[in-house]
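So the chains spell out like this:
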Amino acid sequence: MNRLNSKIKNIIFDMNGTMIFDGKYHEIAWKDYAEKLAGRQMSTEEFQHHVLGHTNKDILEYLMGKGTLTEERILELTEEKEAMYREMYMEDTANFKLVDGLVAYLDKLKEQGINMNIATGSNMTNLAFYFKEFDLGRWFDITLCAYDDGTMNAKPAPDMYIRAMERIGAVPGETMVIEDGPSGIRAAAAAGAGYIVGIYGDSSRELLEKTGLCDELIPDYRNM
């Protein structure tokens with residue numbers, strides 16, 4: 001694997017659409033919310049650009065306008081939407097799993113001593129759900145993950161990747177990031193990632209290519 005030759009000593013994964021292919025259920029939930037809260041339909045392109053990689057607060061404010069929702073209301077709507085998403089996703093037993101090839105890839109990285117972490121726009125409720133359901137503690141320390149805790153700007157700002165790197169002592173230029181969304185790709189580049197992989201099995205290869213920032217594009221992990 002040339003991508004891991006000497007230079008790359010750390011790998012940061014996004015979660016949704018990267019480690020699990022769950023975008024369909026986030027998209028259904030957010031499109032329902034766009035109609036319910038804003039009285040309009042959300043396009044798939046909007047979902048790719050304004051939802052993937054963004055915090056729930058940013059998405060709700062994108063739909064409703066900044067300053068229109070209290071922090072309490074944002075938390076209430078977030079939990080309601082995420083509970084709907086989790087229920088739908090768990091019912092899809094054929095796809096409620098880690099992406100093809102990922103378990104073997106993570107095992108290989110662990111054996112090679114590669115530092116690994118997660119940088120996700122998900123909140124702690126969902127992150128804890130993923131750790132429990134997919135036994136992510138085999139490879140990651142949940143206390144080191146960067147997630148939506150309300151203290152960072154959402155992707156495409158570099159905050160989440162900077163924090164994820166700092167928490168495992170990673171030098172940006174020695175770090176590979178694996179992402180599925182244009183905003184996440186831009187965040188990784190802004191954080192100085194040395195190598196960026198776009199995964200398109202649950203998103204749009206075309207939109208990832210259009211960023212001009214991916215060093216490699218993959219559909220899943222079977223050839224990693």
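Keep in mind it's a predicted model, so treat the numbers as computed, not measured.

### Some points on unusual backbone geometry
Of all residues except glycine, most have a negative phi; of all peptide bonds, most are trans. The peptide bond linking K155 to P156 adopts the cis configuration, its omega dihedral lying at 20 degrees. Following the sequence through the fold, P156 ends up in the loop between α6 (124-134) and α7 (159-167). For D135, which is not glycine, the phi dihedral falls at a positive 50 degrees. Here D135 is to be found in the loop between α6 and α7.

### Considerations on the side chain of H26
By the element assignment, H26 lies in helix α1 (residues 23-38). Polar contacts involving the side chain of H26 include one to the side chain of N16, which spans 3.4 Å. Setting aside its immediate chain neighbours within four residues, H26 contacts N16, F47, K81, E82, Y85, N126 and Y130.

### Some points on the side chain of E82
Take E82: it is sitting in helix α4 (residues 71-91). At 2.9 Å, the side chain of E82 and the side chain of N56 are in polar contact. In this structure E82 touches H26, N56, N123 and N126, once residues within four positions along its chain are discounted.

### Considerations on the pattern of salt bridges
For the structure on display, the rule yields 17 salt bridges. The partner of R205 in a salt bridge is E209, and the shortest N-O contact between them spans 3.1 Å. Here R205 and its partner E209 are both found in helix α9 (residues 205-211), four residues apart, which amounts to about one turn of the helix. In this structure R205 comes out as partly exposed when scored by relative accessible area, which is 38%. Assessed through its relative accessible area of 44%, E209 is described here as partly exposed. Linking R222 and D220 is a salt bridge whose minimum nitrogen-to-oxygen distance equals 2.7 Å. Residue classification places R222 among the exposed residues on the basis of a relative accessible area of 60%. Here the salt bridges do not stand alone but share partners, grouping D14, K155 and E179 into one network.

### Concerning the sheet that holds strand β3 (residues 175-179)
Strand order in the open sheet formed by five strands is β2-β1-β3-β4-β5, and the pairing between neighbours is parallel. Here the strands that pair on one side only, and so sit at the sheet edges, are β2 (115-118) and β5 (216-218). Averaged over all neighbouring strand pairs, the angle between strand axes comes to 20 degrees, with direction disregarded. Relative to strand β4 (residues 195-199), β3 runs parallel, the two being bridged by four bridges. Counterpart to E179 in the pairing with β4 is G198. Its contacts with the sheet put α7 on β1 (10-13), β2 and β3, and the angle it makes with β3 is roughly 135 degrees.

### Topic: the layout of surface pockets
The volume enclosed by the largest pocket comes to roughly 380 Å³. Taken together, 19 residues make up the lining of the largest pocket; nearest its centre are T55, K57, D148, D149 and G150. Those elements that provide at least two residues to the lining of the largest pocket are α3 (56-64), α4 and α6. It is α4 that provides the largest number of residues to the lining of the largest pocket, a total of five residues.

### A look at the nonpolar core
Ranked by internal contacts, the top residues of the largest apolar core, which has 39 residues, are F13, Y105, L136, F140, I178 and Y221. Looking at this core, the elements that each hand over two or more residues are β1, α1, α4, α5 (102-111), β2, α6, β3 and β4. Within the second largest apolar cluster, 18 residues are counted, among which are M152, I185, A187 and I196.

About the cut-offs
- Residues numbered from 1 in each chain as written.
- Predicted model: local features only at pLDDT ≥ 70, side-chain atom pairs only at ≥ 80, totals over all residues.
- Heavy atoms only, no water.
- Helix = DSSP H or I, 4+ residues; strand = E, 2+ residues; numbered from the N terminus.
- Polar contact = N/O pair within 3.5 Å; in protein donor to acceptor, adjacent residues only side chain to side chain.
- Contact = heavy atoms within 4.5 Å.
- Salt bridge = Lys/Arg side-chain N within 4 Å of Asp/Glu carboxyl O.
- Buried < 20%, exposed > 50% of the residue type's maximum accessible area, 1.4 Å probe, protein only.
- Pairing = 2+ DSSP bridges.
- Axes fitted to C-alpha atoms, helices over the stretch in contact; angles between N-to-C directions.
- 1 Å grid on protein atoms, 1.4 Å probe; cavity = no way out; pocket = protein on both sides within 12 Å on 5 of 7 lines; lining within 4 Å.
- Points joined across faces, edges and corners; volume = space filled by probe spheres on them.
- Core = buried A, V, L, I, M, F, W, Y, C linked by side-chain atoms within 4.5 Å.

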